[in-house]
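Analysis of the macromolecular model
Residue-level listing of the chains:
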Amino acid sequence: GIMNALVSIPARKLLGSAHEARFERIMDRTRHRNFPDWFYGVRRASEDQDLRQGFDFVAELDVVEVTLQIKSSVAGREHHNEVQHRKCGTGRYMVPTVIVCEFFSDETVRAQTLRILDEERSRFFRGPDRYRRETRR
């Protein structure tokens, strides 16, 4: 009912920020050594970027910055993508989503993130101008 909805929204927000804090720790270059040379680190998106553009972090790479969305489940990612499609159309660039949940080890989250970033970096190399246009940078 309505009370359930009122309780679950802040609880979800709280859980989301816990996952974001964990992601930030996992991807911290100063704590871990097993990062590729092209990965410089992640920083949190501004509140405006999060609300208006739908991303939580910016990953700084050697050639490009990549925006990332953090979700706690595949269902959360699918819901986010559906909302983006409704708002902006299906041909739009989708902000890559990293799934951070309690079932995934830190190493799994790190590997998943680096795989996504490597793919985005490859897309950039295939066509920097097109990449910037698609991602509206």
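So, here is what we can say about the structure in this document. (Residues numbered from 1 in each chain as written. Predicted model: local features only at pLDDT ≥ 70, side-chain atom pairs only at ≥ 80, totals over all residues. Heavy atoms only, no water.)

Time to look at the pattern of salt bridges. Overall, the coordinates contain twelve salt bridges when judged by the stated rule. Between Glu65 and Arg43 there is a salt bridge whose closest N-O contact spans 3.1 Å. On the criterion of sequence distance, the pair formed by Glu65 in strand β3 (residues 65-71) and Arg43 in strand β1 (residues 39-44) is long-range, its members being 22 residues apart. Exposure remark for Glu65: the relative accessible area of 36% places this residue in the partly exposed category. One salt bridge connects Glu107 with Arg110, and the closest N-O pair in it is separated by 2.5 Å. Linking Glu107 with Arg110, this pair stays in helix α4 (residues 106-126), spanning three residues, or about one helical turn. On the accessibility criterion, Glu107 (40% relative accessible area) is partly exposed. By sharing partners, the salt bridges in this structure join Glu20, Glu24 and Arg44 into a single network. (Salt bridge = Lys/Arg side-chain N within 4 Å of Asp/Glu carboxyl O. Helix = DSSP H or I, 4+ residues; strand = E, 2+ residues; numbered from the N terminus. Buried < 20%, exposed > 50% of the residue type's maximum accessible area, 1.4 Å probe, protein only.)

Turning our attention to the packing of aromatic side chains. Per the counting criterion, the structure on display carries four aromatic pairs. When the centroid spacing of 6.2 Å and the interplanar angle of 65° are considered together, the rings of Phe124 and Phe125 count as edge-to-face. By relative accessible area, Phe124 is classed as buried at 6%. We classify Phe125 as partly exposed; its relative accessible area is 48%. Aromatic side chains Phe124 and Tyr131 sit 5.8 Å apart centroid to centroid with 85° between the ring planes, which places their arrangement in the edge-to-face category. Residue Tyr131 is classed as buried on the basis of its relative accessible area of 1%. One aromatic cluster is present, formed by Phe124, Phe125 and Tyr131 through successive ring pairs. (Phe/Tyr/Trp six-rings, centres within 6.5 Å; stacked < 30°, edge-to-face > 60°.)

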